[in-house]
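# Survey of secondary and tertiary structure
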Amino acid sequence: MTEKTAAAGDTGVDVETGDSSRGGVSGFRNDETGVMSGDRARDVATAKVRVENLDFWYGTHHVLKSITLDVRANEVTAFIGPSGCGKSTLLRCLNRMNELIPDTRLEGRVLIDGRDIYENADPVMVRRRIGMVFQKPNPFPKSIFDNVIWGALVNGYKGDRDELVERCLRQAALWDEVKDRLDDQAYGLSGGQQQRLCIARTLAVQPDVVLMDEPASALDPIATAKLEETILKLKQRYTIVVVTHNMQQAGRISDRTAFFYMGELIEMDDTEQLFTRPSKKRTEDYITGRFG
Amino acid sequence: MNIAPTQQSTGGTSGEYYAGKANLSANVFRSPKERAIEYALGFCALISVVTTLGIAAVLVYESLNFFAEVSIIEFLTETRWTPQFSEKHFGIWPLLSGTLLITAIAALVALPIGLMSAIFIAEYSPKRLRQVLKPGLELLAGIPTVVYGYFALTFVTPLLQPFIPGLNVYNALSAGIVVGIMIIPMVASLSEDAIRSVPRPLAEAGYALGATKIEVVLRVMVPGAMSGIIASFILALSRAIGETMIVTLAAGAMPNLTMNPTEPVQTMTAFIVNVSLGDTPQGTVQFYSLFAVGLVLFLITLSMNFVANWIIQKYRERY
Amino acid sequence: MQQNGQFDERLKQRRRKGLILGSVFFVATVFGLVVLVTLIVDVVIKGAQWLDWEFLTSFPSRNPENAGIYSAIVGSAWMIVLTALISVPIGVASAIYLEEYAKRGWFLKLIQININNLAGIPSVIFGILGLAVFVRLFALERSLLAGAFTMALLILPIIIISSQEALRAVPSGVRESAFALGATRWQVIWSHLLPISAPGIMTGVILSLSRAIGETAPLIMIGALTFIAFLPQSAMDQFTVLPIQIFNWTSRPQPEFQGLAAAGIIVLMIALFIMNLSAILLRNYFERYRAQ
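Everything quoted here is computed from the prediction, not taken from an experiment. By convention here, each chain's residues receive numbers from 1 onward along its written sequence. Each chain gets a letter, beginning with A, and each ligand a number, beginning with 1, in the order they are written. Local features in this predicted model are restricted to residues of pLDDT 70 or higher, and side-chain atom pairs are both shown and tallied only at a pLDDT of 80 or more, whereas totals for entire chains, interfaces and linings draw on every residue. The side-chain figures draw on all heavy atoms in the structure; neither hydrogens nor water molecules are used.

### Points about the environment of Gln249 of chain A
All names here are of chain A. In plain terms, the rule: Here a strand is any run of E in DSSP of at least two residues, a helix any run of H or I of at least four, and the numbering for each starts at the N terminus. For every residue, the accessible area (1.4 Å probe, protein chains only) is compared with the maximum for its type, and the residue is labelled buried under 20%, exposed over 50%, or partly exposed between those bounds. Under this definition, polar contacts are N or O atom pairs within 3.5 Å; protein pairs additionally need one hydrogen-donor-capable and one acceptor-capable atom, and for neighbouring residues in sequence, both atoms have to be side-chain atoms.
Along the chain, Gln249 falls in helix 9 (residues 247-253). Assessed through its relative accessible area of 6%, Gln249 is described here as buried. Remark: the alpha-carbon pair of Gln249 and Thr224, spanning 25 residues in sequence, is separated by 9.3 Å. Polar side-chain contacts of Gln249 include one of 2.9 Å to the side chain of Glu228. Of the polar contacts made by the side chain of Gln249, one reaches the side chain of Thr244; its length is 2.9 Å.

Now the structure itself:
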């Protein structure tokens, strides 16, 4: 099951700014380490990411229908569903990546920390704050060091570069493997290492939220396990949304799961709840493998 | 044409087409007619090989006639090229420097403009504009070089003369600029191909990190396409080095070892053509000198083309 | 970890830089077109006054008033026809062999590399080859035939490459179904591949001939004279062509000859325009024809 860590002396969710990324507790189980259900109300009020009545079209194709959901801070949220259900499309709506595709239309709202990311917001800044890791690792054809620091430099980073690179590679659980060869070309790394490099690169611009689009689908089982371990560690500091077609993976790493079908959000709940006692039949059919 | 199989059915009713004993061992593919056709076609394909060998053979063989009278040392180290004077000197450097000066000026014009055009067409231009720009550039590429030469001599030089004091009627600058204009489409088209073949996910990664469009283009796509871009530069410059009519008309016929673009220069190509135009008698060392110069020209352009194609091959394996 | 103090995003400046550079790129792209238009306008202005029926039907003369381009036009026409007769069969045959008969291997690759290289060799070197082989060795002297052979070799690589592409564009299903019916290789080619790829091949041929019509240096090398006051009567006669006549007039210092050169350029450009237009029309016609 998911790990829960509470650093000593943490104040949990910062109600004023909605900033909940200074560590803090996650999860809502009463049988766990003394988290009150009162936190639940507070967390919902200050959800990290809120989607309100989102509709999305590729041309005339109505791909997402009236999606409303919350993503909570310092949790891993999984989007699952059969191919073509729109989960990746929804993910890309969360950081305005869909705008790069011509002939698309979006209605509804997406709020990060209570702020609308579409209305009166610069997409470049939005993407800075909401990072993305892609399905197939796509490091730049540069050195490992240059890959990690690239985004930070573009965004005007003025601090210590070596320190930033090391910190991000450590968070991505890649430091030990590459610390002696930071100047080597990124393309020389294995698939799993490249994906963790992409994570480190995303962390270097210090986003609030990290979106991951089927991050392990191009990786072998061992690399996948390492990646999942990394994701679990990351949620202490970041809010993570993972799209996956692998239900077991969703069960392993996520706190909450949203199930999509044909562009609609069918059900969203705590992961354990969704997988053992789903409230919708379609969810149950999907989970038990009656279609996929 | 009848493509019926050459099966023979033995007797029987006509409906039993496949029931007869077909002579499947008749090897139609290897019939004498097929073999003859294959050899004839193959022979044609070999002509291209023979052409290359012929070029090499002619250049080397006739150059030997030249080097029988002029030492290679003089050819490579002497700084005067005076085949027509009574006191003959055969140092390649004035011709080589003429070629290099013009090519350098052409590079300064074509490489930046070509690359910027490629970037604009690949990443910025809306589709409809592209449909005008690309054919426009192709038109530029289709203009005969003698027309460009005319343009250089009768338009560009008079245009520049008020601004550049001391600009000769025949000068390297006008010729170099026009040679550069001539190769812009080549740089633009090949660089555009290189930029387009940078995989889309790389650009997406750049955008996802909060970069603006110009940053993604200049700091991800262009560096990612760099080997293809450099190959395009080399190929275009090789073309510039081999260019003949523009320089013959506009740069002059005086071998001149100089880096001053306002002066007339003679390139290797212009020299070769001028020997033909003149009345140099065959069999003289002046006549054979054109083959030696041709050999140098051939080796330079050949190696540049090889390097560029090698880069393109290596680059294709990367993504 | 929102250490935002270390990032100086400066989004406004970055966007402004993007706008400025984008405009510079646009200007660079348009530069070539501006030159093109300037050139055409300049030529038309200088040459139109010299362009009349006498010009088209007179021979060159030392007196600009009487000079005409007749011999050059006829010479160019002869040259194109002879060059086409030599280069098209050989070029198409080579392309057929390379695409349909030759076995994949190092030898085939060598021939391909060789052809690509030939396409990049300066035209003046083909002139040297023509001088040594056709003029002297084959003793064709300064005839149309020597020029045609030289030009044929020059454009051969272009014809081969474009014909290969046209053949490659024929779907493999056509070959497979023809072979399955028991056709021999040549029957497949003659009855199916050539008819289908004919438009593409023809377009390539026209484009390479339009390149040939503008070539000057190789023909100067084989001795095409710059002052021809008669029409060639046979393939062994001496000749001149449009580009050489233009070259000759441009080299003369008197401004009248500049005007004559401009008029000659107009004639040449019209010829090129006709050729390219027919190539485009041909392609469009056959594409529509095939789409039915």
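### Thoughts on the sheet that holds strand 4 (residues 104-112) of chain A
Residues and elements named next belong to chain A. Rules: A strand pair is defined by DSSP finding two or more bridges across the two strands. Should any heavy atoms of two residues lie within 4.5 Å, those residues are considered in contact. Think of each axis as a best-fit line through the C-alpha atoms, taken over the contacting stretch in the case of a helix, with angles from 0 to 180 degrees between the N-to-C directions.
Taken in spatial order, the 4 strands line up as 2-1-4-5 in an open sheet, and their pairing is antiparallel. Across the chains shown, the open sheet's two edge strands, defined by having one partner strand only, are strand 2 (61-71) and strand 5 (115-116). In terms of strand pairing, strand 1 (residues 49-58) meets strand 2 through 7 bridges, oriented antiparallel. By the bridge assignment, Val49 is partnered in strand 2 with Val71. Seen against the sheet, helix 2 (residues 87-94) touches strand 1, strand 2 and strand 4 and runs at an angle of roughly 115 degrees to strand 1.

### Focus: helix 4 (residues 106-119) of chain C
Two residues of an α-helix separated by three or four positions point the same way, owing to the 3.6 residues in each turn. Worth spelling out the cut-off: One less than the residue count of a helix, multiplied by 1.5 Å, gives the span that helix is expected to have.
The terminal C-alpha atoms of helix 4 of chain C, which comprises 14 residues, lie 20 Å apart, in line with the 20 Å expected from a rise of 1.5 Å per residue. Those residues of helix 4 of chain C lying buried are Leu108, Ile111, Gln112, Asn114, Ile115, Asn117 and Leu118 of chain C.

### Observations regarding the interface of chain B and chain A
Rule in force here: Buried area is understood as the total, over both parts, of accessible area removed when two parts are fitted together, assessed with a 1.4 Å probe. Think of a salt bridge as a Lys or Arg side-chain nitrogen and an Asp or Glu carboxyl oxygen that are within 4 Å of each other.
Facing the 19 residues of chain B at the interface are 24 residues of chain A. Summed over the three residues of chain B that lose the most area to chain A, namely Ala208, Leu209 and Arg219 of chain B, the buried surface amounts to 35% of that side. Taken together, the links from chain B to chain A amount to 1 salt bridge. Between chain B and chain A we count 5 residue pairs in polar contact (both at pLDDT 80 or more) in total.

### Topic: the sheet that holds strand 7 (residues 209-213) of chain A
Residue and element names in this part refer to chain A. The strand order 6-7-8-3-9-10 describes an open sheet built from 6 strands, whose pairing is mixed. The open sheet terminates on both sides in strands that have one partner only, identified here as strand 6 (130-133) and strand 10 (264-270). Taken over all neighbouring pairs, the strand axes of this sheet differ in orientation by 20 degrees on average, direction set aside. Pairing of strand 3 (residues 76-80) with strand 8 (residues 239-243) involves 4 bridges; the strand directions are parallel. Bridged to Thr77 within strand 8 is Val241. In the packing of helix 7 (residues 191-203) onto the sheet, contacts are made with strand 6 and strand 7, and the angle to strand 6 comes to roughly 170 degrees.

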